[in-house]
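Close look at the chain arrangement
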Amino acid sequence: MEDHSIKVNFCSSEKEKPKSDQLQFGRVFTDHMFIMDYSAPLGWHDARIVPYQPLSIDPSAMVFHYGQSVFEGLKAYLNPDGEAQLFRPEKNLQRINRSNDRLCIPPIDEEYALKAIKQLVAIDKDWIPEAEGTSLYIRPFIISTEAFLGVAPSHNYKFIVILSPVGAYYKEGINPVKIAVENKYVRAVAGGTGEAKTGGNYASSLKAQELVANSGYAQVLWLDGVEKKYIEEVGSMNVFFKIDGEVVTPKLNGSILEGVTRNSVIELLKYWDIPVSERRISMEDLRQAHQEGRLEEAFGSGTAAVISPIGQLTWNDTDLIINNHETGPVAKRLYDTLTGIQYGKVEDPFGWIEKVREPSKVKS
Ligand SMILES: *Cc1c(COP(=O)(O)O)cnc(C)c1O
């Protein structure tokens, strides 16, 4: 029987931690990381927590050439008792396996991976910043490492988890952003990899983002890749509109990434008895709703910002100003409740919080 315990090799000296008010996103990493390897005969093996360090990988490794890789993003939060806690981490692990399936990467054991993430967070718990709105970002990812230039699924992989203390997303309060509707480039198409969390989707989105950033927009609104009529996502977030008292989000169609935050928003709205529906929604329908004064709110949802209100949508030559550039009541209530649950300040009626035990208990 193989030994599946996680070996731990502690770092010899700890790095200096950044000050809570100077944190950015994803620039600084903690003292340790988790790695396990995959090879065709052994399966996933050699699980270990080691000092954070560069990897040594063959230049012909497949990930560098054909992009066979997947990733996840979630956060660890400190609750008022000083305990570390995760928000629906099992959802991220289920999703990495769906992404794995799409990219022909062998599945990981979700329970085992969750145990590894919790142990890593427990070891680096002192890196979770304490200031309001800050957290420890957790980035699990898998890369194909076989040294081979043939186009085929790799026989070797690494599953790695790194941690990064991140600052508050909204330093001056939650503020609506300007979004440009993208008519030329598309992020994903049904049948492609849009519903998988894989680097290629991001690589292909950079161009559109760069062009609109030059004109002062925060992000693009992605339309469907076939007719360029139907709304899909906003930047790397899912998108919601409140029209006539009903909250609407595009129905999952194979090219939309199924966000954990999206799912949580839908569940909360149902819990509050606010009408919510997942359906196809065209840009023309949205424009008409706006013209008739029925478009009440618009916002994006994702782990990084949680809720990101949209104050303006520019579509060709038309500017749709939404809720007078102000955060709407539903967006605000969702933001306060979700962050309240995540930081352990609001009751969690759904069982979404998963506590991380202290290292002493993890080791016994
Ligand atoms: C990760 C991601 C989201 C948001 O997912 P969450 O699980 O809510 O963080 C939305 N769209 C895209 C394209 C993404 O990659």
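Residues numbered from 1 in each chain as written. Predicted model: local features only at pLDDT ≥ 70, side-chain atom pairs only at ≥ 80, totals over all residues. Heavy atoms only, no water.

Looking at the domain arrangement of the protein chain
Using the following cut-off: What marks off one domain from the next here is an automatic or database domain assignment. In this description, contact between two residues means that some pair of their heavy atoms is separated by no more than 4.5 Å. The term buried area means the drop in 1.4 Å probe accessible area that two parts suffer when joined, counted for both and summed. Each reported salt bridge corresponds to a side-chain nitrogen of Lys or Arg within 4 Å of a carboxyl oxygen of Asp or Glu. Counting of polar contacts relies on pairs of N or O atoms within 3.5 Å, with two restrictions inside protein: one atom must be capable of donating a hydrogen and the other of accepting it, and residues adjacent in sequence are counted only when both atoms are side-chain atoms. Counting from the N terminus, the helices are the DSSP runs of H or I reaching at least four residues and the strands are the DSSP runs of E reaching at least two.
Domains assigned within the protein chain are domain 1 (7-167 + 353-361) and domain 2 (177-327). Between the C-alpha centres of domain 1 and domain 2 there is a distance of 28 Å. Listed per partner, the contact involves 17 residues of domain 1 and 16 residues of domain 2. Roughly 1,400 Å² of surface becomes buried between domain 1 and domain 2 when both sides are summed, with 53% attributable to carbon and sulfur atoms. It is Phe71, Arg95 and Arg102 that lose the most area in domain 1 upon contact with domain 2, and together they represent 40% of the buried surface on that side. Taken together, the links from domain 1 to domain 2 amount to 1 salt bridge. Arg98 serves as the salt-bridge partner of Glu258, at 3.6 Å between the closest nitrogen and oxygen. Counting every contact that joins domain 1 to domain 2 gives 10 residue pairs in polar contact (both at pLDDT 80 or more). Every element with two or more residues in the side of domain 1 that touches domain 2 is listed here: β4 (69-71), β5 (74-78) and α2 (89-102).

Details of the site of the ligand
Put simply, the rule reads: In this text, near means that some heavy atom of the residue lies within 4 Å of the molecule or strand in question. Surface accessibility follows the Shrake-Rupley procedure with a 1.4 Å probe radius. Residue values consider only the protein chains on display as shielding.
Taken together, 14 residues lie around the ligand, and Lys197, Tyr202, Glu233, Thr261 and Thr303 are the ones closest in. One of the side-chain nitrogen or oxygen atoms of Arg95 is found 2.9 Å away from an oxygen atom of the ligand. Glu233 is positioned such that a nitrogen or oxygen atom in its side chain is 2.5 Å from a nitrogen atom of the ligand. In the complex, 96% of the free accessible area of the ligand, which totals 380 Å², lies under the protein chains.

Describing empty space enclosed by the protein
A water-sized probe, rolled over the atoms, reveals where empty space remains. Heads up, the condition is: Cavity and pocket criteria rest on a 1 Å grid covering protein atoms alone: a 1.4 Å probe that fits but cannot get out defines a cavity, protein on both sides within 12 Å along at least 5 of 7 lines defines an open pocket, and an atom within 4 Å of a point defines a lining residue. Grid points are joined across faces, edges and corners, and a volume is the space filled by probe spheres set on the points. Ten residue types, Ala, Val, Leu, Ile, Met, Phe, Trp, Tyr, Cys and Pro, are classed as nonpolar, four, Asp, Glu, Lys and Arg, as charged, and the remainder, Gly among them, as polar.
According to the stated counting rule, one finds 2 cavities of 30 Å³ or more in the structure shown. Of the volumes computed, that of the largest cavity is approximately 70 Å³. Surrounding the largest cavity, Leu74, Lys75, Tyr77, Phe87, Asn92, Val260, Thr261, Thr303 and Gln342 form its lining. Contributing elements (two or more residues each) for the lining of the largest cavity: β5 and α6 (260-271). For the lining of the largest cavity, the element with the highest residue contribution is β5, accounting for 3 residues. Residues belonging to the lining of the largest cavity are distributed by class as follows: 4 nonpolar, 4 polar and 1 charged. Both domain 1 (7-167 + 353-361) and domain 2 (177-327) contribute no fewer than three residues apiece to the lining of the largest cavity. If you go around the second largest cavity, the residues you meet are Glu297, Ala298, Phe299, Pro309, Ile310, Ile322, Asn323, Glu326, Thr327, Gly328 and Ala331. Only β15 (295-302) and β16 (306-315) provide two or more residues apiece to the lining of the second largest cavity. The greatest single-element share of the lining of the second largest cavity, amounting to 3 residues, is contributed by β15. A breakdown of the residues in the lining of the second largest cavity according to their chemical character gives 6 nonpolar, 3 polar and 2 charged.

Here's the deal with the pattern of salt bridges
Counted only if it meets this: Only protein chains enter the accessibility calculation, which uses a 1.4 Å probe; a residue whose area is less than 20% of its type maximum is buried, one above 50% is exposed, and one in between is partly exposed.
Scanning the model with the defined rule gives 18 salt bridges in all. Taking the shortest distance from any N to any O, the salt bridge between Glu227 and Lys229 comes out at 3.3 Å. Asp244 serves as the salt-bridge partner of Arg294, at 3.2 Å between the closest nitrogen and oxygen. Here the residue Arg294 occupies a position in the loop between α7 (283-291) and β15, and Asp244 occupies one in the loop between β12 (238-243) and β13 (246-249), the gap between them amounting to 50 residues. Taking relative accessible area as the criterion, Arg294 reaches 26% and is therefore assigned partly exposed. Here the salt bridges do not stand alone but share partners, grouping Lys7, Asp37, Asp46, Arg48 and Lys158 into one network.

Things to note about the environment of Gly133
Within the element layout of this structure, Gly133 appears in the loop between α3 (110-123) and β7 (135-144). Judged by relative accessible area, Gly133 falls into the partly exposed class, the value being 32%. In this structure, the C-alpha to C-alpha distance between Gly133 and His32, residues 101 residues apart in sequence, is 23 Å. Sequence-distant contacts of Gly133, defined by excluding residues within four places in its chain, comprise Gly167, Ala168, Tyr169 and Tyr343.

So, the packing of aromatic side chains
Counted only if it meets this: To pair, rings of Phe, Tyr and Trp, with the six-membered ring standing in for Trp, must have centres within 6.5 Å; the planes then decide the type, stacked if under 30 degrees apart, edge-to-face if over 60, and tilted in the middle. Think of it as a cone above the ring: NZ of Lys or CZ of Arg counts as a charge over the ring if it is within 6 Å of the ring centre and within 35 degrees of the ring normal.
Applying the stated criterion to the full structure yields 14 aromatic pairs. Here Phe350 and Trp352 contribute two aromatic rings whose centre-to-centre distance is 4.1 Å and whose plane-to-plane angle is 15 degrees, an arrangement assigned as stacked. Through a chain of ring-to-ring contacts, the aromatic side chains of Phe34, Tyr38, Trp44, Tyr157 and Phe159 assemble into a single cluster. Positioned above the aromatic ring of Trp272 is the side chain of Arg333, whose terminal nitrogen or guanidinium carbon lies 3.8 Å from the ring centre.

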